[in-house]
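Results of the structural survey
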Amino acid sequence: MTISADIENGAPATSAPPFDEGMAELYQTLLVPILFAPYATEMAIAADQSKPGSVLELAAGTGALTRALRATLDPPTEIVATDLSQAMMDIGAPTVTMSRTHWMHADAQNLPFAPEMFDLVICQFGAMFFPDKVKAYSEAERVLRSKGRFLFSTWDSLSVNDFASCVDECLAGLFPSDPPDFLRRLPYSYFDPGAIKAQMSSAGFKAVTCDRLELTSVAASAQDVAAAFCQGTLLRDEIEWRAPERMSEIVDEVAERVEARHGACPSGGMSALVVAGRVS
């Protein structure tokens, strides 16, 4: 059966994470160029090294990596981009409409694909959110063909990601008794190379590598950085729960902190781990 046919017959995924349309729009407009697009270019280059004929992308979001893969990989390469959030996919899918590119709901921990369907499984900054990482990695191993690769990125620690660290510090000062901790609790929580390699090995992957990749993030304004983090991520819910009437004020205060530390047209360092493993 072809990949296209399997997609049409795939089982529905579990419920989507709580990204609404407004959050997804800000994520695409602000957060993607600030954080995700630079890494997408590098990830696509790494993906192209093995010249895969078929690629499964997990947690594709609004398609930052999908677009980079489509622009980098050979035109005949078939790409299946998956996510749990309909709001994210509604924005991402129209931006990549070329043939041999498919979008669908899929849970990384319960992939609706037969064994040995793909040459490459790839994920950019989604692994941190998998509740059972070994299960998700085992699913990636299951759907990969012999000698296939699993490639994913995860953020390094908060302390070496300048914009995120600045936002986190500012919010901690604004809410000293109960600081929003989304950034340190989830996106910037999964950076221990030893633990990552052990989980990948438990899922059946061989020759696991974990390399640090440092890039520079550039934004048009400090206000863009503040809005991207505070309103274009699930940090928004934590802020609104604490101060539902103060979001605009809080974004302005975070922007002031970002500008004071990184300039009116801010640039800052960011660091991630790029993990790769092969099936036997």
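Let me begin by describing the structure that accompanies this report. Counting restarts for each chain, with residues numbered from 1 along the sequence as it is written. Under the rules for a predicted model, residues below a pLDDT of 70 receive no local features and side-chain atom pairs below 80 are neither given nor counted, while totals for whole chains, interfaces and linings still include all residues. To obtain the side-chain values, all non-hydrogen atoms of the structure were used and water was disregarded.

Examining the pairing of strand S3 (residues 101–105)
Put simply, the rule reads: Classification of residues uses two cut-offs on accessible area relative to the type maximum, computed with a 1.4 Å probe and protein chains only: under 20% is buried, over 50% is exposed, and between them is partly exposed. Under the scheme used here, helices are H or I runs from DSSP no shorter than 4 residues and strands are E runs no shorter than 2 residues, and both carry numbers assigned from the N terminus. When the strands point away from the viewer and the path from the first strand over the helix to the second turns clockwise, the crossover is right-handed.
Counting buried positions along S3 gives four out of five residues, so the element sits mostly inside the fold. This β-α-β element, strand S2 (residues 78–83) to helix H4 (residues 86–92) to S3, shows right-handed connectivity.

What to know about the sheet that holds strand S1 (residues 54–58)
To keep things clear, this is the line we draw: Following DSSP output, two strands are said to pair if at least two bridges run between them. Think of each axis as a best-fit line through the C-alpha atoms, taken over the contacting stretch in the case of a helix, with angles from 0 to 180 degrees between the N-to-C directions.
Taken together, the seven strands give an open sheet; going across it, the order is S3-S2-S1-S4-S5-S7-S6, and neighbouring strands pair in mixed fashion. Of all strands in the sheet, those with a lone pairing partner are S3 and strand S6 (206–218), marking the two edges. Here the average twist between neighbouring strands, direction ignored, is 20°. Direction of pairing for strand S4 (residues 118–124) relative to strand S5 (residues 144–155): parallel, over a ladder of six bridges.

Re unusual backbone geometry
Its identity as a non-glycine residue notwithstanding, Lys51 has a phi of 50°, on the positive side. Positionally, Lys51 belongs in the loop between helix H2 (21–48) and S1. With relative accessibility at 49%, the residue Lys51 sits in the partly exposed group. At Arg100, a residue that is not glycine, the phi angle is positive and equals roughly 65°.

Brief notes about the packing of aromatic side chains
Note the threshold: We call Phe, Tyr and Trp rings a pair once their centres come within 6.5 Å, taking the six-membered ring for Trp, and we label the pair stacked below 30 degrees between planes, edge-to-face above 60, and tilted otherwise.
One pass over the full model with this rule turns up 13 aromatic pairs. Measuring from ring centre to ring centre gives 5.8 Å for Phe36 and Phe125, while their planes differ by 40°; the resulting arrangement is tilted. One end of the pair, Phe36, is in helix H2; the other, Phe125, is in the loop between S4 and helix H5 (133–143), with 89 residues separating them in the sequence. The exposure class of Phe125 is buried, given its relative accessible area of 7%. An aromatic cluster of three or more residues is present, and its members are Tyr27, Phe36, Tyr39, Phe125, Trp155 and Tyr188.

Topic: the environment of Arg185
Our working definition: Polar contact criterion, stated in full: a pair of N or O atoms within 3.5 Å, where within protein one must be able to donate a hydrogen and the other to accept it, and residues adjacent in sequence count only if both atoms are side-chain atoms.
Residue placement: Arg185 occurs in helix H7 (residues 182–185). The spatial distance from the C-alpha of Arg185 to the C-alpha of Glu256 is 24 Å, given a sequence separation of 71 residues. Within the structure, Arg185 has its side chain in polar contact with the side chain of Glu238 (distance 2.7 Å).

By themselves these figures say nothing about function.
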